[in-house]
Amino acid sequence: MARARFPRHVYASGDEPDPRFSLANERTFLAWVRTALAFLAGAVALEALATPLNPTVRAIAALALVATALLVVLQAWIGWVRIERALRQDRPLPSPLTTLPVTIGLVAVTVLVGAGLLLGGSG
């Protein structure tokens, strides 16, 4: 008897796709997780290192990086599920959900930190 796979709602539908496609989907998921870890590392670095930023600006930028990391992880999981279902049901692959919001988050943090550095104020 075949063992049930997790998540069942993904594997219960459609036919088994070419393993190369499922493995590529898994590698993409892991790449998103690494990206989230990089955002978290950036948040920790902002708070842990002596940066010439106002503490409020530093905290807001760090929290924005943590929020972006959480968004990236959520997108990684939802994206993996959506793509795996599309592969199993022989449908076109869906587009990523949060590429634009993640980009906006990163640009916002970059502008915030850049402005904080230009304005100085290690208050």
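Here the structure is a predicted model, which means the values were calculated and not measured.

What counts as what
Residues numbered from 1 in each chain as written. Predicted model: local features only at pLDDT ≥ 70, side-chain atom pairs only at ≥ 80, totals over all residues. Heavy atoms only, no water. Core = buried A, V, L, I, M, F, W, Y, C linked by side-chain atoms within 4.5 Å. Buried < 20%, exposed > 50% of the residue type's maximum accessible area, 1.4 Å probe, protein only. Helix = DSSP H or I, 4+ residues; strand = E, 2+ residues; numbered from the N terminus. Contact = heavy atoms within 4.5 Å. pLDDT = per-residue confidence, 0-100. Expected span 1.5 Å × (residues − 1). Arc of directions from axis to C-beta. Phe/Tyr/Trp six-rings, centres within 6.5 Å; stacked < 30°, edge-to-face > 60°.

Details of the nonpolar core
One finds Phe39, Leu46, Ala61, Leu65, Val72, Val109 and Val113 to be the most contacted residues of the largest nonpolar core, which totals 13 residues. Among the secondary structure elements, those contributing two or more residues to this core are α2 (19-48), α3 (55-88) and α4 (99-119). When residues in this core are grouped by element, the largest group, 5 residues, is from α3. With sequence-adjacent residues up to four places away left out, Val72 is seen in contact with Trp32, Thr35, Ala36, Phe39 and Val102.

Thoughts on the confidence of the model for the protein chain
For the protein chain, the average pLDDT comes to 87, and 95% of its residues sit at 70 or higher. Confidence, read as mean pLDDT per element, is least for helix α1 (residues 8-11) in the protein chain (76) and greatest for α2 (94).

Observations regarding the side chain of Arg58
Tracing the backbone shows Arg58 in helix α3. Taking the relative accessible area as the measure of exposure, Arg58 reaches 17% and is therefore buried. Excluding residues within four positions of it along the chain, Arg58 makes contact with Leu46, Glu47, Thr51 and Leu53.

Topic: α2
Spanning 30 residues, α2 covers 43 Å between terminal C-alpha atoms, matching the ideal 44 Å at 1.5 Å per step. Within the span of α2, buried status applies to Ser22, Asn25, Ala36, Phe39, Ala43 and Leu46. Looking at the buried positions of α2, the neighbouring elements they touch are α3 and α4.

Structural notes on unusual backbone geometry
Non-glycine residue Asp90 carries a positive phi angle of around 55°. With respect to the helices and strands, the residue Asp90 is situated in the loop between α3 and α4. Overall, the relative accessible area of 72% leaves Asp90 in the exposed class.

With respect to α4
Between the first and last C-alpha of α4 there are 30 Å, a value that for 21 residues agrees with the 30 Å anticipated at 1.5 Å per step. The complete set of buried residues in α4 reads Val102, Gly105, Val109, Val113 and Gly116. The arc that holds the buried residues of α4, viewed along the axis, is 65°, so those residues lie on one side. In α4, the exposed positions angled more than 90 degrees off the buried face are occupied by Leu100, Thr110, Val111, Leu118 and Leu119. On its buried side, α4 packs onto α2 and α3. Positive backbone phi, at 70°, marks Gly120, one or two positions downstream of α4.

Topic: the packing of aromatic side chains
Counted under the stated rule, the structure contains 2 aromatic pairs. Measuring from ring centre to ring centre gives 6.5 Å for Phe29 and Trp77, while their planes differ by 75°; the resulting arrangement is edge-to-face. Of this pair, Phe29 sits in helix α2 while Trp77 is found in helix α3, placing the two residues 48 residues apart along the sequence. A residue is classified by how much of its surface remains accessible, and Trp77, at 35% relative accessible area, is partly exposed. Aromatic ring contacts, followed pair by pair, group Phe29, Trp77 and Trp80 into a single cluster.

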